[in-house]
Amino acid sequence: SQLGIHLESQTLWDVQIKRIHEYKRQLLNVLHVIHRFLAIRDGLDTGQGYRDVPRTVLFAGKAASAYAMAKLIIRLINDVADTIRRESSVRPYLRVVFLPNYSVSLAERLIPAADLSEQISTAGTEASGTGNMKLALNGALTIGTLDGANIEMLDRVGREHMFIFGLESHEVQERRRQGYKPLSAVETNADLQRVMKALQDGTFCPEQPDRYQQIVDALLKWGDHYMVLADFADYLRAHERVDRHYADMRAWRQSSLFNIAAMGAFSSDRTIAEYVSQIWRCQAVRL
């Protein structure tokens, strides 16, 4: 309620808060949202539990002033949010919110509220940040790739309490070396075909149907450098695991508590002690 968003108590808060950049793959998140929207609207979600586990997907973050693609992705997020808001058959089960002017003050409210933490950068691109740890420390479960600090977290938390998906770093490199063809990912996946069609037919911007052609071209014609389409199918499967796990609230809360406890290994006390002994090679001074 502090965020001005009224939600049912059993709504899963799915949160991605970070700088808007192609390698961080907010676009992959949006494509999943579009898939979920189409499946609910068209009655294709039988057996997938999309109506059993309502979602609110929250985005926040800033784009560099001259980063045209990042700003286009922000616009797509808002257009998708508006389209879902107008669709009465979908609105009870799915919402999208983009919170502008992301700041520490906003993070202080979002992070404790999150149920699911999106850490979905292309494997091999993310530096070892700490946002994923802050979210886990506050009880959010992580859906993510084996990238950056996710790898260290997985060692502590275990796969049963995280939702790992996607190509690993060496697989990304090998896929590129072999000549990755993103169109093949679309041709073999009916869900992805529907999503890409919706991006091009004006579903989210009827007054300007070609608004997102640049995104489509980046994925299909310009090589899909960040492997969005390559990881799409596995990302959907990971979200289906999220839905099943969240439906068992006792199991979800156990995983949440396990995440909180496991984050103790990343305390600043332990970090500084390692810097002292392994990097600075200093002797601790007792006062």
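In the block above lies the structure referred to throughout.
Calculation notes
- Residues numbered from 1 in each chain as written.
- Predicted model: local features only at pLDDT ≥ 70, side-chain atom pairs only at ≥ 80, totals over all residues.
- Heavy atoms only, no water.
- Helix = DSSP H or I, 4+ residues; strand = E, 2+ residues; numbered from the N terminus.
- Buried < 20%, exposed > 50% of the residue type's maximum accessible area, 1.4 Å probe, protein only.
- Contact = heavy atoms within 4.5 Å.
- Areas by Shrake-Rupley, 256 points an atom, 1.4 Å probe, with all protein chains shown as cover.
- Lys, Arg positive; Asp, Glu negative; His and termini not counted.
- Charge placed at Lys NZ, Arg CZ, Asp CG, Glu CD.
- Patch = residues over 30% accessible without salt bridge, like charges linked within 9 Å, V, L, I, M, F, W, Y side chains within 5 Å.
- Salt bridge = Lys/Arg side-chain N within 4 Å of Asp/Glu carboxyl O.
- Core = buried A, V, L, I, M, F, W, Y, C linked by side-chain atoms within 4.5 Å.
- Axes fitted to C-alpha atoms, helices over the stretch in contact; angles between N-to-C directions.
- Parallel < 35°, antiparallel > 145°, perpendicular 65-115°, else oblique.
- Pairing = 2+ DSSP bridges.
- Left-handed = near helix turned anticlockwise from the far one by under 90°.
- Nonpolar A, V, L, I, M, F, W, Y, C, P; charged D, E, K, R; others polar.

**Quick look at the overall build of the chain**
Scanning the chain from N- to C-terminus turns up 12 helices and 6 strands. Considering only C-alpha atoms, the chain reaches an extent of 70 × 45 × 35 Å along its principal axes. Relative to its 287 residues, the chain shows a buried fraction of 52%. Sequence-distant contacts in the chain: of pairs separated by 6 or more residues, those separated by 24 or more amount to 74%. As displayed, the chain has an accessible area near 14,100 Å², and 50% of this comes from carbon and sulfur atoms. Here the chain holds 35 positive side-chain charges and 34 negative ones, and the gap between their average locations is 3 Å.

**Here we look at a nonpolar patch on the surface**
On the surface, a cluster of nonpolar side chains totalling about 420 Å² of accessible area is made up of Ile-272, Tyr-275, Ile-279 and Trp-280. Within the secondary structure layout, Tyr-275 lies in helix α12 (residues 268–279).

**Quick word on the environment of Arg-211**
Position of Arg-211 relative to the elements: it lies in the loop between α8 (190–200) and α9 (213–220). What makes Arg-211 buried here is its relative accessible area of 10%. Along the chain, Arg-211 and Leu-199 lie 12 residues apart, while their C-alpha atoms are 8.6 Å from each other. When residues no more than four places from it in sequence are discounted, the contact partners of Arg-211 are Leu-72, Arg-75, Asp-79 and Cys-205.

**As for the nonpolar core**
Of all hydrophobic cores here, the largest spans 66 residues; its most connected members are Leu-31, Ile-34, Ile-215, Leu-229 and Trp-252. Those residues in contact with Leu-31 that lie beyond four places of it in its chain are Val-195, Leu-199, Leu-219, Val-228, Leu-229 and Phe-232. In terms of nonpolar packing, the next biggest core, distinct from the first, is built from 14 residues, Ala-60, Ile-111, Ala-114 and Leu-135 among them.

**Structural notes on the packing of helix α10 (residues 228–247) against helix α11 (residues 249–262)**
Packing of α10 against α11 brings their axes to within 5 Å, and their N-to-C directions diverge by 105 degrees. Here α10 lies roughly perpendicular to α11, going by the angle between them. Along its contact with α10, which presents Val-242, His-245, Tyr-246 and Ala-247, the element α11 presents Met-249, Ala-251, Trp-252 and Ser-255.

**Examining the environment of Gly-148**
Take Gly-148: it is sitting in the loop between β5 (141–144) and α5 (150–157). Separated by 125 residues in sequence, Gly-148 and Tyr-23 have C-alpha atoms that sit 12 Å apart.

**Re the pattern of salt bridges**
Following the criterion strictly, the structure yields 16 salt bridges and no others. Linking Arg-85 and Asp-82 is a salt bridge whose minimum nitrogen-to-oxygen distance equals 2.5 Å. Here the residue Arg-85 and the residue Asp-82 both occupy positions in helix α2 (residues 68–86), the gap between them amounting to 3 residues, near one helical turn. Arg-211 is paired through a salt bridge with Glu-207; the nearest N and O atoms lie 2.9 Å apart. The exposed category is assigned to Glu-207, whose relative accessible area is 58%. It is possible to trace a salt-bridge network through shared partners that takes in Asp-14, Arg-36, Arg-55 and Asp-243.

**Regarding the sheet that holds strand β1 (residues 12–17)**
Here 6 strands make up an open sheet; going across it, the order is β3-β2-β1-β4-β5-β6 and the pairing parallel. Every interior strand has two partners, whereas the edge strands, β3 (94–99) and β6 (163–164), have only one. With 6 bridges joining them, β1 and strand β2 (residues 55–60) adopt parallel strand pairing. For Leu-12, the partnering residue across the bridge sits in β2 and is Arg-55. Along the sheet, α2 makes contact with β2 and β3, crossing β3 at roughly 140 degrees.

**Looking at the packing of α2 against α9**
Axes are the key here: two packed helices are described by the angle between their axes and the distance separating the axes. Interhelical geometry of α2 versus α9 gives an angle of 120 degrees and a closest axis separation of 10 Å. Crossing of α2 over α9 shows left-handed handedness. On the side of α2, the interface is formed by Met-69, Leu-72, Ile-73 and Leu-76, while α9 contributes Gln-214, Ile-215 and Ala-218. Among the residues making up the contact of α2 with α9, the classes are represented as 6 nonpolar, 1 polar and no charged.

**Some details on the side chain of Ser-256**
Take Ser-256: it is sitting in helix α11. Ignoring sequence-local partners within four residues, the contact set of Ser-256 consists of Gly-139 and Leu-141.

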